[in-house]
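# Examination of the molecular architecture
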Amino acid sequence: MSDSHAHGASSYYVPSHSHYPFTLALGLFALALAAVFNMNGKVPGWAMLPGAAVIIYVVVGWFGDVIRENRSGTFKGWEDRAFRLGMLYFIGSEVMFFAAFFGALFYVRQLAVPDLLSFDMLYPTYEGSWPLAGKGPSDAIPAFTPMGAWGLPALNTGLLLTSGVTVTIAHWALLRDNRTWLILGLAATVLLGAAFMACQAVEYHHAYTELGLTLGSGVYGSTFFMLTGFHGLHVTIGAIILAVVLGRTLKGHFSSKDHFAFEAAAWYWHFVDVVWLGLFVFVYWL
Amino acid sequence: MSTGSIAAHGHDDHAHHGPTGLARWLFTTNHKDIGTMYLMFSMIMFLIGGSLILSVRAELFQPGIQIIQPELFNQLIGLHALVMIFAALMPAATGFANWMLPLQIGAPDMALPRLNNWGFWLLPPAGTILLMPLVLYLFGIGTGGADAGWTLYPPLSAQSGWGIDFAILALHLMGISSVMGSINVVVTILNMRAPGMTMMKLPMFAWGWLMTAFLLIATIPVLAGAITMLLTDRHFGTHFFDAAGGGDPILFQHLFWFFGHPEVYILLLPIWGFIPHILETFARKPMYGYKAQVWSLVCIAALSVIVWAHHFFTAGMPVQALIYFMYSTMSISVPLAVLFFCWIATIWRGSMTFETPMLFALGFIILFGIGGLTGLVLADVAADAQYHHSYFVVAHFHYTLFAGGIMGVMAGVYYWLPKMTGHMYSEKLGKAHFWLTVISFNLTFMPQFFVGLAGMPRRIPDYALQFTEFNVISTIGAFALGLSQLIFVYNVVTTWRGKGEKATDGVWEGSKGLEWQLSSPPPHHSWDPQPVIK
Ligand code: HEM
Ligand SMILES: [Cu+2]
């Protein structure tokens, strides 16, 4: 923590009133209510659309405001530092969200599944070993084939690691004001992200149709789909952010000195990358 | 809403004169406005949470089932706790952070003003979602509010009605709000301090909040993960907490308390931050042991994330784990004791006066001390086998959360109200409020230690005959406690509306710190340019 920022007299940019935060809260309110009623069979799924639409409207508008402020030179080093710190801590909270699911995975693998053996209650052929591919007549653990590591998942690892390299190339180019490589690097990253998601979709399809592996396949299915599913969601979000950054680059937005949005997107992408490595090792491989 | 209008508005430079009336509050980016909204929300939810539990106390006035059926009883207990923790105490602390951190560290505002407003406006929807199923139930619709206690343990929570879903979604919204608020606090403290204010010159309140914010950022997402798993177990066929599928209900307890134990410190660290300010003001002596207090706060925050399993010693775990969690829990009392001694040393031989904030601060020290000592008893594995899930635990955490939490917040309200409103509150009513609160609080909760030690279980609407007398006392105390809070509400509201003499800038004779150099109330935009600290 450095204590020397060079401001003092210069004043911090405090935006004037904005309706977006309030509208966003309303959108989430509508979405959450619709979700609860939908889960309990009271309203159809499309009831969630209005809330979702409001949220998208706000995200576009609010970020639009911030981008316009940035373009008009509102943000100096002081504001920039606030955004950077904010993004870092936000990613920190995301890490802890995944930690909960990894914690659940380790817990069931190391404790719950083996311990159940000593209770002798599940079904006669229960072995208490991981992966918990059911052999027995059990509703909660139907027979299924666990997901292997060395097919699509290995390819996906390659895709994401490569995308980590391409985004770094883009960063390197940006710092040297080399627009060609910046655009190429970003475009490649977005494409690799999309390819990853496509492979993931194929893999899910394979799991459901051929392996008999579903969200309901015992705690193996639960941890598998929740971990990879939330990761996939984050890849999608990260790719959308990178695509926006690419679009802004094409409009000539960033410079070697002023590119917080690019760095935030890149940090986010690396975070998604690292989570995947954990997934590959502990969900697919070991 | 057309997108065309976005481009049209969206610009600054009419900074001072934003909208007026309702729109000012809905669309504000001003830390003082947002702080005020947090504090008002907190007070309203405090009254709602109190009413919920007074109906429970009414039922417990006598053994047997009188006025409330067990199904409703279960809802009232859990919702009371969720409302008090997430909608009364936490927003109160965030309200103070918004109001006072920028003033205390010489910043023009919070670092991320729009995010700030979003954080607040998530709360009213969340509170509505939390309580909606209870209200519907009272009109005969649906299966009622969350009825598995505030801890939402499966298998009960995996099987009971739709109230759990409402609670989960509400907790998600409140969680987003807390994480956003915390990010804002961290960035504000790290990035917005006046030139010359090094970390070791930070006001203690900022240190307390910084630790709270770290804990929230680290643990709220784990709670979010846990309740998401609960939701998918309920509706989407997963088996995280279902042994039939290889899962384990105890897993939920681990995840919940990984959040839940730090949460109790999240609630108290901001208060431990400003209590020393109050003590030094009214003892007219500098705060004792600034560095020791800072490091204690840091240690407590760090220790609080490694002790969680003391909440379910009786659920069954290896002896090694029991011993580890017992000793690590007990070790927290070391830095906590350091804080206590620093507070006492601060007032030691000071020239004290006993205005209402000071009374609440002193009451806080004594009563919260009882809460901490009884916690030590519960941390003993062998003793806890007897006391777990008894009324002893209820008494323990009310000494920490009501005396430590709510009374601490009240000390802060009385301390800063003249600064916030520019008017003095009624000292006479303040003192009456204090004494009535202290007496009725002890009347309510002291007997619960005894019935708990004698074996009365918590969360049950009926009890054995021999517990009757103490429960009668407790119920009478609770209603007195509830009614006494109306004095507080009256006092605050009238002060806010400009009754009472005008406050000076310093307000208190012994006040120190940047916030007291501004006018009372401070201008809409303060500390621009920033002061320079030598
Ligand atoms: C030295 C300090 C403390 C120690 C050693 C301690 C220890 C404990 C233990 C072992 C329990 C579990 C009892 C059981 O369920 O059998 C417990 C419960 C509880 N404690 Fe503390 N505690 C301390 C301070 C605090 C503080 C500062 C707070 C709040 C601000 C707090 C709030 C709670 C709550 C809310 C519960 C009950 C949760 C529930 O089961 O619903 N404690 N405490
Ligand atoms: Cu605890």
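Residues numbered from 1 in each chain as written. Chains lettered and ligands numbered in written order. Predicted model: local features only at pLDDT ≥ 70, side-chain atom pairs only at ≥ 80, totals over all residues. Heavy atoms only, no water.

### Quick look at the overall build of chain B
Helix and strand counts for chain B come out as 18 helices and zero strands. Here the C-alpha radius of gyration of chain B, 23 Å, is about what a compact globule of 534 residues would show, namely 24 Å. Each of the three principal axes of chain B carries a C-alpha extent, and together these read 65 × 65 × 45 Å. Taking all 534 residues of chain B together, the buried fraction comes to 65%. Put simply, of all contacts in chain B between residues at least 6 apart along the chain, 82% involve residues at least 24 apart. Here chain B displays about 18200 Å² of accessible surface, and carbon together with sulfur accounts for 71% of that area. (Helix = DSSP H or I, 4+ residues; strand = E, 2+ residues; numbered from the N terminus. Rg over C-alpha atoms; globule rule 2.2 N^0.38 Å. Buried < 20%, exposed > 50% of the residue type's maximum accessible area, 1.4 Å probe, protein only. Contact = heavy atoms within 4.5 Å. Areas by Shrake-Rupley, 256 points an atom, 1.4 Å probe, with all protein chains shown as cover.)

### Here's the deal with empty space enclosed by the protein
Residues and elements named next belong to chain B. Scanning all chains against the criterion turns up two cavities of 30 Å³ or more. Quantified by volume, the largest cavity comes out at close to 160 Å³. Taken together, 19 residues make up the lining of the largest cavity; nearest its centre are M90, P91, T94, S178 and L216. Counting residues per element, the ones that place at least two in the lining of the largest cavity are α4 (70-105), α8 (163-191), α9 (204-235) and α10 (249-283). In terms of residues, the lining of the largest cavity owes the most to one element, α4, which gives six residues. (1 Å grid on protein atoms, 1.4 Å probe; cavity = no way out; pocket = protein on both sides within 12 Å on 5 of 7 lines; lining within 4 Å. Points joined across faces, edges and corners; volume = space filled by probe spheres on them.)

### A word on the coordination of the copper ion (ligand 2)
All names here are of chain B. The protein atoms that coordinate the copper ion (ligand 2) are H261 (ND1), H310 (NE2) and H311 (NE2), at distances of 1.8 to 2.0 Å. Each donor residue of the copper ion (ligand 2) lies on one chain, and together they are spaced H-x48-H-H. Between the copper ion (ligand 2) and the iron atom of ligand 1, a spacing of 4.7 Å is present. On the criterion of sequence distance, the pair formed by H261 in helix α10 and H310 in the loop between α11 (290-304) and α12 (319-331) is long-range, its members being 49 residues apart. Like H261, the residue H310 is buried in the burial classification. (Donors = N, O, S within 2.8 Å, 3.2 Å for Na, K, Ca; no water.)

### Thoughts on the coordination of the iron atom of ligand 1
Just one protein atom coordinates the iron atom of ligand 1, and that atom is B:H396 (NE2), at 2.2 Å. In this structure, B:H396 sits in helix α16 (residues 391-421).

### Focus on the interface of chain B and chain A
Taken residue by residue, the interface counts 77 residues in chain B and 70 residues in chain A. Between chain B and chain A the total buried area reaches about 6700 Å² when both faces are included, carbon and sulfur atoms providing 74% of it. Linking chain B with chain A are one salt bridge. For the salt bridge of A:E69 with B:R114, the shortest nitrogen-to-oxygen distance reads 2.8 Å. In this structure, the connection of chain B to chain A is made through 13 residue pairs in polar contact (both at pLDDT 80 or more). Listed by contribution, the elements that provide at least two residues to the side of chain B that touches chain A are α5 (113-121), α6 (123-138), α8, α9 and α10 of chain B. The dominant element in the side of chain B that touches chain A, judged by the number of residues it contributes, is α9(B), at 12 residues. Per-class residue counts for the side of chain B that touches chain A are 47 nonpolar, 23 polar and seven charged. (Buried area = accessible area lost by both parts, 1.4 Å probe. Salt bridge = Lys/Arg side-chain N within 4 Å of Asp/Glu carboxyl O. Polar contact = N/O pair within 3.5 Å; in protein donor to acceptor, adjacent residues only side chain to side chain. Nonpolar A, V, L, I, M, F, W, Y, C, P; charged D, E, K, R; others polar.)

### Comments concerning the packing of aromatic side chains
Residues and elements named next belong to chain A. On inspection of all chains with the given rule, the structure shows 77 aromatic pairs over all chains. Centroid distance F106 to F282: 5.1 Å. Interplanar angle 80 degrees. Geometry classified as edge-to-face. Residue F106 is found in helix α3 (residues 77-117), and its partner F282 is found in helix α7 (residues 260-285); the two are separated by 176 residues along the sequence. You can call F106 partly exposed: its relative accessible area is 35%. (Phe/Tyr/Trp six-rings, centres within 6.5 Å; stacked < 30°, edge-to-face > 60°.)

### Comments concerning unusual backbone geometry
A cis amide bond links A:W130 to the next residue, A:P131, at an omega of -5 degrees. Looking at the secondary structure, you find A:P131 in the loop between α3 and α4 (152-175). The peptide bond linking B:P154 to B:P155 adopts the cis configuration, its omega dihedral lying at 5 degrees. Counting through the fold element by element, B:P155 comes out in the loop between α6 and α7 (156-159). For B:H389, which is not glycine, the phi torsion reads 60 degrees and is therefore positive. With respect to the helices and strands, B:H389 occurs in the loop between α15 (381-387) and α16. You can call B:H389 partly exposed: its relative accessible area is 32%. Backbone geometry at B:R459 places phi at a positive 60 degrees, although glycine is not the residue there.

### Structural notes on a nonpolar patch on the surface
Residues and elements named next belong to chain B. Together, F61, L443, F450, L453, F470, I473 and I476 make up a nonpolar patch on the protein surface, roughly 570 Å² of accessible area in all. Among the elements of the structure, α17 (427-453) and α18 (468-496) are those that each provide at least two residues to the nonpolar patch. Tracing the backbone shows L443 in helix α17. (Patch = residues over 30% accessible without salt bridge, like charges linked within 9 Å, V, L, I, M, F, W, Y side chains within 5 Å.)

### Overview of the side chain of B:H396
Residues and elements named next belong to chain B. Relative accessible area serves as the criterion here: at 16%, H396 is assigned to the buried category. Reaching out from H396, the side chain makes a polar contact with the backbone oxygen of G371 at a distance of 2.9 Å. Not counting chain neighbours up to four residues away, the residues in contact with H396 comprise G371, T374, G375, L378 and F449.

### A look at the domain arrangement of chain A
One frequently used descriptor of interface size is the decrease in accessible area upon assembly of the parts. Residue and element names in this part refer to chain A. Entries for chain A in the domain assignment read domain 1 (13-75) and domain 2 (76-285). If you average the C-alpha positions of domain 1 and of domain 2, the two centres end up 25 Å apart. At the junction of the two partners, domain 1 supplies seven residues and domain 2 supplies seven residues. It is I67, R71 and F75 in domain 1 that bury the most area against domain 2; as a group they hold 65% of the surface buried on that side. Applying the counting rule to domain 1 against domain 2 returns zero salt bridges. Counting every contact that joins domain 1 to domain 2 gives three residue pairs in polar contact (both at pLDDT 80 or more). Considered class by class, the residues forming the side of domain 1 that touches domain 2 number three nonpolar, three polar and one charged. (Domains from an automatic or database assignment.)

### Describing the pattern of salt bridges
Applying the stated criterion across every chain yields a total of eight salt bridges over all chains. Sharing partners across several salt bridges, the network here consists of A:D80, A:R84 and A:E263.

### A few points about α18(B)
In this model α18(B) runs 42 Å from its N-terminal to its C-terminal C-alpha over 29 residues, within 8% of the 42 Å that 1.5 Å per residue would give. Directly beyond the C-terminal end of α18(B), a positive phi value near 95 degrees is found at B:G498. (Expected span 1.5 Å × (residues − 1).)

### A closer look at the side chain of B:D165
With respect to the helices, strands and loops of the structure, B:D165 is situated in helix α8. In this structure, B:D165 is in contact with A:V36, A:N40, B:L231, B:R234 and B:H235, ignoring residues within four places of it in sequence.

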